[in-house]
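Overview (structure and organization)
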Amino acid sequence: MGAFTQWFNERAPGLGAVYKKHMTEYYAPKNFNVMYYFGSLAMLVLVNQIVTGIFLAMFYTPTAAGAFDSVQYIMRDVNWGWLVRYMHTTGASMFFIVIYLHMFRGLMYGSFKKPRELVWLIGMLIFLVLMAEAFMGYVLPWGNMSFWGAKVIITLFSAVPWFGHTLVTWIMGTFVPGDPTLNRFFALHVVALPLVLLLLVVLHLGALHEVGSNNPDGVEIKKHKNPKGIPLDGIAFHPYYTLKDLVGVGVFLIICAVIIFFAPSVGGFFLEHDNSIPANDLVTPATIKPVWYFSPFYAILRMIPSKGLGVLALAASIVALFLVPWLDRGGVKSIRYRGLGYKIALAIFAIVFFLLGCIGADLTPGWIVSIFGPNADITTIENLFGRILVILYFAFFVFLWVYTFFGFERTRPVPERVTTHA
Amino acid sequence: MADDSINKGRRRFLTASTAVIGGAGLIITAIPFVETWLPSARAQAAGSPITVDISKIEKGQMVRYGWRKQPIFVINRTPEQLQWLPKQDPRLRDPHSNEPQQPSYCKNGHRSIKPEWMVLIGICTHLGCVPDYKKKVGPEPFDPDWKGGFYCPCHHSRYDMAARVYDGVPAPLNMVVPPYHFVDDTHIQIGVDPKGAA
Ligand code: HEM
Ligand code: FES
């Protein structure tokens, strides 16, 4: 040990232990597959958002009069401003791609089950905060879609009984979104929510490392340890997984670079056309649609012909995810050994989520016209299709409980040890 | 004289009372911070009545004004448009305007003071978008039997020519008619009730 390291450790004895516990002596199952890249990628994107965000904040003006122009200024006049902004906007969309895959991995391998319920719950809190963070960030450029998106989303809260309208005014700070709204969203987006996110990520990993990682076989590696107490199927996170994750980082960054340099708006999905028009409080954009990562939830809201119930269904669609660890009573974790019913239900759930996203992104009218001809009654067909999807979305959770609670699931035998060949 | 015994009851009382007093203090301190988010004096001051000249609005035409940063629609309805109104009643959610979405002097079949002049706040009662004025009668993608009215692009809510909401759309209520009165035959003041009306 070098003299400096010794000097340091004598004065901060905890740090070395923390490093060991979470890096060199954290034993992760040796059979991680591709789906296990997304946790570390999410951390990478979080760092990217914070760093590029800090630089954007140096040039951005948080006022209704100045915001839109300051974004144009960043794009045109600030040296490399376009790069910093595109890294931030692409990062936002990539964040959700990564997080949706990360969550889907949890559903595939039963990572939300005992003893990892808390890891899942903290993850869901992260997801909620992330949605708030993305929404507020989207409002900041004060384009017309920003403005109307803000108005629609904030007005959702008017569905709260008794004091709904007061709540809406309280959030906006005026009667229509304006300076007060933009200022507080800026403060929350750049200071408050990132701090909360960082804290939650620390808790997420703390909770995970306490119980240990799950793996694609869904077996607990802590059941078989060598005489030194190290799991037989575990390998040290550092250097083995740090290096493996580095490969994932390389591939991921190549994809991001292609987007940033060749198609930063991704056909209007990552950056929307209507947001290159300044906010106008008297004219709604011709079609209001949210950014793609909110569109499945937005479709649930839109398909229900009642404001109160629509907002309730929207909230329920997220609350249901929180409850998954308690809805799923099945003893087998990994999809590899679960009953056929679960495999089919999870596949349908993923497809339904995707199709709801297509409705929310307003892709369906085009499909309907091409299938049923130009005179088709778009609204009726879309509503029928969409409402079936909404029912299927919730049916997944009901099915999950019925299937596992009443013992309908026919599982396959789970191996004692992980099934890696290496 | 050293007494090492621990008075548990007293310890619990002190812990609990400290927590309660501290918690109360925290809540009281939070109130000013929560209330900073309410509309400031400046935000509240914005918004006095406006007077508009309606002499140039042609039959069937709609003109937009801004009042309290909200879009005000003024429409000069044609006799045909008025004639469709009662026929829409069975398709509407609140055909008789029973919900208080208009001043009492506009709770009538045409939701206005003078039948031809429709004045309304052009904000969808679903989530606050500004609906489009679609006056053309005939089949529309959103309604094969369209008789003219307002269509909200956000979540496809529909309203008739008196801004009454159709059944089976997300918007729950008819659009709001603001307080207004006729200053003379060609001027409307928005934001002030007619004399004598409450
Ligand atoms: C900022 C966002 C997030 C970050 C940075 C993050 C980070 C991580 C990391 C680094 C891991 C360990 C590596 C891995 O298993 O991939 C992990 C595991 C996990 N995360 Fe996240 N996460 C985030 C959001 C979420 C969300 C939204 C959920 C779902 C509700 C979630 C659920 C889980 C679960 C269940 C595990 C354990 C997986 C297993 O052991 O099989 N996380 N997370
Ligand atoms: S805001 Fe008009 S339909 Fe939703």
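As a reminder, the structure under discussion sits directly above these lines.
Notes on the structure follow. All of these numbers come straight from a predicted model, not from anything done at the bench.

1. Considering the overall build of chain A
Per the secondary structure count, chain A includes 15 helices and two strands. In terms of C-alpha radius of gyration, chain A reaches 24 Å, essentially the compact-globule figure of 22 Å for 422 residues. In chain A, which comprises 422 residues, the share counted as buried stands at 51%. Excluding contacts between residues fewer than 6 apart, the proportion of contacts in chain A whose partners are at least 24 apart in sequence is 78%. Of the accessible surface of chain A, which amounts to about 20,200 Å², a share of 74% is contributed by carbon and sulfur atoms. Charge centroids of chain A, computed over 29 positive and 21 negative side chains, lie 10 Å from each other.

2. Let's talk about the nonpolar core
Counting residues in each nonpolar core, the largest one holds 149 residues, and the members touching the most others are F96 and Y393 of chain A together with F150 of chain B. A total of 14 residues in this core trace back to one element, the largest contributor, which is helix α6 (residues 117-139) of chain A.

3. A short note on the coordination of the iron atom of ligand 1
All names here are of chain A. Donor atoms from the polypeptide that coordinate the iron atom of ligand 1 comprise H102 (NE2) and H204 (NE2), at 2.0 Å from the metal. Geometry at the iron atom of ligand 1 is octahedral, judged from its six donor atoms and the angles of 82 to 179° they form at the metal. Taken together, the residues H102 in helix α5 (residues 81-109) and H204 in helix α9 (residues 179-211) connect sequence positions 102 residues apart. In terms of burial, H102 and H204 fall into one category: buried.

4. Some words on the pairing of strand β11 (residues 187-190) of chain B
All names here are of chain B. The two faces of β11 differ: I188 and I190 on one face are buried, but H187 and Q189 on the other face are not. In this structure, strand β1 (residues 50-53) lies alongside β11, joined through four bridges in antiparallel fashion. Across the sheet, the residue bridging to D53 is H187, located in β11. Joining the antiparallel neighbours strand β10 (residues 180-184) and β11 is a turn of two residues.

5. Here we look at the pairing of strand β7 (residues 143-146) of chain B
Residues and elements named next belong to chain B. Sheet topology note: the strand β6 (residues 138-140)/β7 ladder contains two bridges and is antiparallel. Of the residues in β7, the one forming a bridge with G138 is W146. Between the antiparallel neighbours β6 and β7 lie two residues.

6. Observations regarding the interface of chain B and chain A
Contacts between chain B and chain A engage 32 residues on the former and 33 residues on the latter. Buried area between chain B and chain A, summed over both chains or domains, comes out near 2,700 Å², and the portion from carbon and sulfur atoms is 64%. Summed over the three residues of chain B that lose the most area to chain A, namely W37, K69 and L127 of chain B, the buried surface amounts to 27% of that side. Taken together, chain B and chain A are joined by zero salt bridges.

7. A closer look at the state of the cysteines
Residue and element names in this part refer to chain B. Within the structure shown, the criterion is met by one disulfide over all chains. Each sulfur of the disulfide joining C129 and C154 lies 1.9 Å from the other. Every disulfide takes its handedness from the sign of the S-S torsion; for C129 and C154 that torsion is -100°, giving left-handed. In this pair, C129 sits in the loop between β4 (117-121) and β5 (132-134) while C154 sits in the loop between β8 (149-151) and β9 (158-159), placing the two residues 25 residues apart along the sequence.

8. Examining the environment of I288 of chain A
On the secondary structure map, I288 of chain A appears in the loop between α10 (237-262) and α11 (295-303). Separated by 44 residues in sequence, I288 of chain A and V332 of chain A place their C-alpha atoms 43 Å apart. Aside from chain neighbours lying at most four places away, what touches I288 of chain A is M145, W148 and Y298 of chain A together with C129, P153 and C154 of chain B.

9. Remarks on the pattern of salt bridges
All names here are of chain A. Under the counting rule described, the total for this entry stands at 21 salt bridges over all chains. Put simply, D328 and K113 hold a salt bridge, and the shortest N to O gap is 3.3 Å. With a gap of 215 residues between them, D328 in the loop between α12 (307-327) and α13 (340-360) and K113 in the loop between α5 and α6 connect regions that are remote in the sequence. Like K113, D328 is buried. Between R302 and E382 there is a salt bridge; the shortest N-O distance is 2.6 Å.

10. As for the sheet that holds β1 of chain B
In a beta sheet, neighbouring strands pair by backbone hydrogen bonds and run either parallel or antiparallel. Residue and element names in this part refer to chain B. If you walk across this open sheet you meet the three strands as β1-β11-β10, and the pairing is antiparallel. Both edges of this open sheet fall to β1 and β10, since each of them pairs with a single strand only. Pairs of neighbouring strands in the sheet enclose a mean axial angle of 30°, with direction left out of account. Pairing of β10 with β11 involves four bridges; the strand directions are antiparallel. Residue pairing for β11: Y180 is matched across the bridge by I190.

11. Observations regarding the site of ligand 1
Residues and elements named next belong to chain A. The immediate surroundings of ligand 1 are formed by 23 residues, with Y36, H102, S111, H204 and N214 found nearest. At 2.9 Å from an oxygen atom of ligand 1 is found a side-chain nitrogen or oxygen belonging to R105. At 2.6 Å from an oxygen atom of ligand 1 is found a side-chain nitrogen or oxygen belonging to S111. Of all the elements in the fold, those that place two or more residues in the shell around ligand 1 are α3 (38-57), α5, α6 and α9. Looking at which element gives the most residues to the shell around ligand 1, the answer is α6, with six residues. Looking at the shell around ligand 1 residue by residue, the class counts come to 14 nonpolar, eight polar and one charged.

Procedures and definitions
- Residues numbered from 1 in each chain as written.
- Chains lettered and ligands numbered in written order.
- Predicted model: local features only at pLDDT ≥ 70, side-chain atom pairs only at ≥ 80, totals over all residues.
- Heavy atoms only, no water.
- Helix = DSSP H or I, 4+ residues; strand = E, 2+ residues; numbered from the N terminus.
- Rg over C-alpha atoms; globule rule 2.2 N^0.38 Å.
- Buried < 20%, exposed > 50% of the residue type's maximum accessible area, 1.4 Å probe, protein only.
- Contact = heavy atoms within 4.5 Å.
- Areas by Shrake-Rupley, 256 points an atom, 1.4 Å probe, with all protein chains shown as cover.
- Lys, Arg positive; Asp, Glu negative; His and termini not counted.
- Charge placed at Lys NZ, Arg CZ, Asp CG, Glu CD.
- Core = buried A, V, L, I, M, F, W, Y, C linked by side-chain atoms within 4.5 Å.
- Donors = N, O, S within 2.8 Å, 3.2 Å for Na, K, Ca; no water.
- Tetrahedral: all angles 85-135°; square planar, octahedral: opposite > 155°, others 65-115°.
- Pairing = 2+ DSSP bridges.
- Buried area = accessible area lost by both parts, 1.4 Å probe.
- Salt bridge = Lys/Arg side-chain N within 4 Å of Asp/Glu carboxyl O.
- Disulfide = S-S within 2.5 Å.
- Axes fitted to C-alpha atoms, helices over the stretch in contact; angles between N-to-C directions.
- Near = heavy atom within 4 Å.
- Polar contact = N/O pair within 3.5 Å; in protein donor to acceptor, adjacent residues only side chain to side chain.
- Nonpolar A, V, L, I, M, F, W, Y, C, P; charged D, E, K, R; others polar.

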